[in-house]
Structures are given as C-alpha cells and as structure tokens.
Amino acid sequence: AKFARLISGRSLTDREIEQIVLSHPMAEAMMKSTRSIPTRFDLDRFIDTHTDEQVRTLSGPDRERLKQAVDFLNGKVEAGHLTSLERKAAAQRAFVGRRFGAGQAVPAPAGAFTLKRAYDEAWKPAKTRGKNTVTEVGRYVDEFEALNGKLDLGAYTRAHWAAWRADCLKVHGPGPTAFKRFSMMKTVVHEAIRAGLFERKNFAGQDVSMVKPDRNRLRNEGWLEDELTEFFGAPVFRGAKDMPHANADYWVAVILAHIGARLSEVVGMKMPDVAKRHGMWTFYLAKVTGKTEDSRRIVPIPKRVIDLGFLKYLEARPKTGPLFEGVNAKLMSQTYSRMRADLGIDRKGADIHAFRHHVKTLLRDLDCPDGVNDYITGHAPPNVGGTYGKTQFQTALRFLDQIDLGITISKWRES
C-alpha cells in the first residue's frame, strides 16, 4: 500500500487526509453552513478559506484526494440537513393536523395579502440581496401601491398592472430602468407564488409584459451608481483579509473601474510591467498576451488608484513575478460573479466586463478625443502605441484623472 501511494505521487495516506478534514475547522464550518459546495471551484475556495497554510500547500494527488474527502463529507452533511428539514416538515404537518383537523386547509389570514406583505414575507427571504437592492425594490412596492391603492394582491386587475407599466415608461422612458422597475414587481408576486402564499390563477398581471431592452444596449450602459456603491462596499473593499486572494480581489476591480482595461490584461501583468515612464507611473498592458498592436499598450495610472495605496502594494510585492499572485482571468471572473450574486447585483450587463464600457462612456462625457479614448481602452488604430510619448501620455493621464465614479472606495489595507 505504501509503494502504491508513493508511485501515485501521494505523500499522505487516506487515513491522514480523513483526519485532516474531520479535525480541521472545515468540518465545523460545513456543519454550520446551509449552503452546499456545488462545483470544483467552490471546493478549492472552501478549502483555502477554512484551512491553515500547511493544508493549503497540498498539491497534485494529495490536493485531489483532499477535495474528494471534503466532497464526501459535504454529501453527508447535506443528507443530514435534508433529514432535519424532513423532520421539521413532518412536525409542521402534524401540528397543522392537530390544530385544524386532518385534511383541512389552513385558514387564510384575516388581513389582506398585500404586495407589501409579499415583498416582506416572500421576496426578501427568498435569497440574500444587497441592501441597496432591498431598499430600491421596497420603494417600487410603495410606488405601485400609491398608484393603484393598497389592495389584496388578488384584487389587482389587468388594468392595474397595465397602469404600472405605463407609469414606468412615463417616468423613465423605454429602457433598462423602466424595465427593471416594472419587472421587479412581477418578481415579488412570483416569489409569493413559489412560497405558496399566493395562487398563480389569481395573478391578473401575468400576461402584461414590457419589451426587454436590447442586450447590447443594456450591456454597454455600464454600471449604475447604486450598483457601484453596493459592489465597492463588499467586505474585500473594506479591509477584509479572510479570502485567499484578497489583495488581487481588491486591486484588479479598482484598476478595471478606473482605466477600462480587459480583465485578462490586468491579471496578466508582471511586476516589471508597472514602472515610471516619462515621469509618471504606468501599466504595460497585454505586453505578452496581446494579440494585436492595438491591445499592447502603456496606460498611465490614474491618481485615484495611487491615492488608494497602490504604490504601497507594489512595495510589499517581490520585484519579479506576477503583479497578482495565484490568480487568473477565469478565477477572478468567477470570484466577482459570486460577489455580485451575494450582494444581489443581478442585472445583466452589470458585470466585471462592464467597467470597460463604463470608462469609455465616462471619457466620452469628458470630451476626451476618440483617439485617446480608444488608445486607453485598447481600440487604437494599428501601431499607435509606438508613437506615444510624453505629451500623449500626459493627455491620457489628464483625462483618466478626471474620471469620477461618484462613489467612495476605502483605501487598501496591507494584509
């Protein structure tokens, strides 16, 4: 057995791996959490978050066997949670039977089941949402009831829902804001139906619809200010260091939001790619990975990025190697997607790539020349990078320094 293990490249036995999983904080964290670990990526994140440095350094066959053991334990824990839920459901059925009689329906509440109650009792508990999203949808509910009256949800007719659609279009015009305001009210009703608090047959507005804005227009709009506030209010931007790649999570998003580069360009930078050129700090983007001359470019670092502590981060890094250790574009994309989901930022188009469109729009609003705008974001005419010198860099930096996201980002804290 020992020789078989050595041939496979393993350094730990199955028993040792099992002891690590059961004795570590991983088991306790898994028992306390109600969330499953659905993918291989989630297994890696879970292990890196809830283990010590010695366990995180396990690699190759040892790492794979560790993930198998964690996955097996997760299955057992999920089975236990399911059994517990089944017992609670059985106890609830027994209580209802004793209270109202076997086979009898539970009496309806005396008060009307309003849209506000559907929002409080079904929509909010359905999943974790950002504070701003909860507040915003609550405001929509108030506006709907102010327009149509505070009626029982089943008393709203098709005319009431059509009036809501007309009001959305009147206030915001045809576009993503009107569509979001209209559709979120239907989402509140659907959550009430899913929770069993309201019957679908009584929903008179289900066939009242609004044409969804074109996907490209929606995506190119970039981020809304409340979404930016929510996103950059996440724990990693407020100093939390309990994630394996907290520094990269912080800086990659900050850089993307201020220069509109591609995610792969920022993640792929090496330490020498950040240097002073013509008396100003610059990024050399896509130096190796760029497919064309358009994408290989040098972009000045905006003052806001430096003020957040970027030079201090550079001092803490080795002089060689990657700018951000242990990450790649796919991993960072998954990280930010999970972060947005946890914050309740679910609008299509409000993703990490949208920073590119957002910066391009902000530069256009500042009357930045198209040639400079295109160069900054990597859409310049062929070989323009080779002609850029001190004057052109100063022009690019002047416009980059004027970009204002309209929010406050907390300064980086060294881990």
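Note: the structure precedes this text.
Residues numbered from 1 in each chain as written. Predicted model: local features only at pLDDT ≥ 70, side-chain atom pairs only at ≥ 80, totals over all residues. Heavy atoms only, no water.

(A) Region of the structure containing the packing of aromatic side chains. Counted under the stated rule, the structure contains 22 aromatic pairs. Taking 5.6 Å as the distance between ring centres and 20° as the angle between the ring planes, the aromatic pair formed by tyrosine 119 and tryptophan 123 counts as stacked. A residue pair is termed a helical-turn pair when its members lie 3 or 4 positions apart in one helix, as tyrosine 119 and tryptophan 123 do in helix H7 (residues 115-126) at four residues. In this pair, the class of tyrosine 119 matches that of tryptophan 123, namely buried. (Phe/Tyr/Trp six-rings, centres within 6.5 Å; stacked < 30°, edge-to-face > 60°. Helix = DSSP H or I, 4+ residues; strand = E, 2+ residues; numbered from the N terminus. Buried < 20%, exposed > 50% of the residue type's maximum accessible area, 1.4 Å probe, protein only.)

(B) Highlighting the layout of surface pockets. Of the volumes computed, that of the second largest pocket is approximately 340 Å³. By residue number, the principal contributor to the lining of the second largest pocket is helix H10 (residues 176-194), which donates six residues. (1 Å grid on protein atoms, 1.4 Å probe; cavity = no way out; pocket = protein on both sides within 12 Å on 5 of 7 lines; lining within 4 Å. Points joined across faces, edges and corners; volume = space filled by probe spheres on them.)

(C) Region of interest: empty space enclosed by the protein. Counted by the stated rule, this structure contains one cavity of 30 Å³ or more. Within this model, the largest cavity holds a volume of roughly 90 Å³. Lining the largest cavity are Asn132, Thr133, Glu136, Lys180, Asp226, Glu227, Glu230, Gly344, Ile345, Asp346 and Arg347. Looking at the lining of the largest cavity, the elements that each hand over two or more residues are helix H8 (131-148) and helix H12 (225-231).

(D) Region of the structure containing the nonpolar core. Within the largest apolar cluster, 61 residues are counted, with the highest numbers of intra-cluster contacts made by Phe231, Phe232, Phe237, Trp251, Phe310 and Phe324. Among the elements that make up this core, the one with the highest residue count is helix H13 (residues 246-259) (11 residues). Sequence-distant contacts of phenylalanine 237, defined by excluding residues within four places in its chain, comprise Phe231, Phe232, Asp249, Tyr250, Ala253, Val254, Met339 and Ser410. Listed in part, the 27 residues of the second largest apolar core include Tyr156, Met185, Ile193 and Phe203. (Core = buried A, V, L, I, M, F, W, Y, C linked by side-chain atoms within 4.5 Å. Contact = heavy atoms within 4.5 Å.)

(E) Summary view of the pairing of strand E1 (residues 274-277). The sheet contact formed by E1 and strand E2 (residues 280-285) spans four bridges and is antiparallel. Note on E2: the bridge partner recorded for valine 274 is phenylalanine 283. Remark: two residues form the turn of the hairpin made by E1 and E2, two consecutive strands paired antiparallel; histidine 278 in that turn has positive phi of roughly 55°. (Pairing = 2+ DSSP bridges.)

(F) The sheet that holds strand E3 (residues 297-300), seen in detail. The strand order across the open sheet built from three strands is E1-E2-E3, with neighbouring strands paired in antiparallel fashion. Sheet topology places E1 and E3 at the edges, where each strand pairs with a single neighbour. Strand after strand, the sheet turns through a mean of 45° between neighbouring axes, direction not considered. (Axes fitted to C-alpha atoms, helices over the stretch in contact; angles between N-to-C directions.)

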